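As a plain string of letters, each chain reads:
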Amino acid sequence: GAGVSQSPSNKVTEKGKDVELRCDPISGHTALYWYRQSLGQGLEFLIYFQGNSAPDKSGLPSDRFSAERTGGSVSTLTIQRTQQEDSAVYLCASSPGTSGGPRYFGPGTRLTVL
Amino acid sequence: ELKVEQNPLFLSMQEGKNYTIYCNYSTTSDRLYWYRQDPGKSLESLFVLLSNGAVKQEGRLMASLDTKARLSTLHITAAVHDLSATYFCAVDSSPGGTSYGKLTFGQGTILTVHP
């Protein structure tokens, strides 16, 4: 079956511009996660959505970062006024929402801020 | 704050040899995950360990969990080149209850298997 998909696969932007990254989770998965992977910081949790509950935003590094999930499916991560330190691979994952299951990761979006 | 530490961070092995990667974590949790990442690729789930004493095996890889020692191991038996990748352990930061959220990842172990 189809896995988690993300778009775009690569994004190059100029410092100060806004970017939107998209994630399509596996159909039927109620939990959706955003992570960031960079050389200096490893894999960092950003935000977690579970069903209709309020998202866990505890990992968002600044108020320039926001995410929404529409209709309990597709999610968009928005970074405003991008900075060079935002350059990283942004990974989305989903899970069925039942306790303890694995997270299924998408291929990621490589963001480069010039 | 939950900390997850792996060692070694770099592992160069000969084919046919055995080795173990260790994953230590700092707070109580009974849910631990192992992932594999190939260069330029995303994360592939290998094992989910959900209780103390859990042991899972798949091919040449075996993972175990000791929640009392806050330790998980990933044992490699008779390594082959195809196992070359980066291996991450991750611990669920919301022990207990029904709401599982963020995973805290270890630094990753870069495994290279030589002929």
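See above for the structure.
These numbers come from a predicted model, not from an experiment. (Residues numbered from 1 in each chain as written. Chains lettered and ligands numbered in written order. Predicted model: local features only at pLDDT ≥ 70, side-chain atom pairs only at ≥ 80, totals over all residues. Heavy atoms only, no water.)

Draft legend 1. Inspection of the overall build of chain B at higher detail. When helices and strands are tallied, chain B shows 0 helices and 11 strands. Computed over the C-alpha atoms, the radius of gyration of chain B is 14 Å, within 12% of the 13 Å expected from 2.2 N^0.38 for a compact globule of 115 residues. A buried classification covers 45% of the 115 residues belonging to chain B. At a minimum sequence separation of 6, the contacts of chain B that also span at least 24 residues come to 55%. Taken as a whole, chain B presents about 5600 Å² of accessible surface, with 50% of it coming from carbon and sulfur. For chain B, the centre of its 10 positive side-chain charges and the centre of its 10 negative side-chain charges are spaced 3 Å apart. (Helix = DSSP H or I, 4+ residues; strand = E, 2+ residues; numbered from the N terminus. Rg over C-alpha atoms; globule rule 2.2 N^0.38 Å. Buried < 20%, exposed > 50% of the residue type's maximum accessible area, 1.4 Å probe, protein only. Contact = heavy atoms within 4.5 Å. Areas by Shrake-Rupley, 256 points an atom, 1.4 Å probe, with all protein chains shown as cover. Lys, Arg positive; Asp, Glu negative; His and termini not counted. Charge placed at Lys NZ, Arg CZ, Asp CG, Glu CD.)

Draft legend 2. Examining the pattern of salt bridges more closely. Under the criterion given, the structure shown has 5 salt bridges over all chains. Asp24(A) is paired through a salt bridge with Arg22(A); the nearest N and O atoms lie 2.8 Å apart. The partner of Arg103(A) in a salt bridge is Asp92(B), with the nearest N and O atoms 2.9 Å apart. Placement of Arg103(A) in the loop between β8 (88-95) and β9 (104-105) and of Asp92(B) in strand β9 (residues 85-92) is noted, with the two residues assigned to different chains. Of the residues examined, Arg103(A) reaches a relative accessible area of 1% and is grouped as buried. (Salt bridge = Lys/Arg side-chain N within 4 Å of Asp/Glu carboxyl O.)

Just geometry here; none of it tells us what the structure is for.
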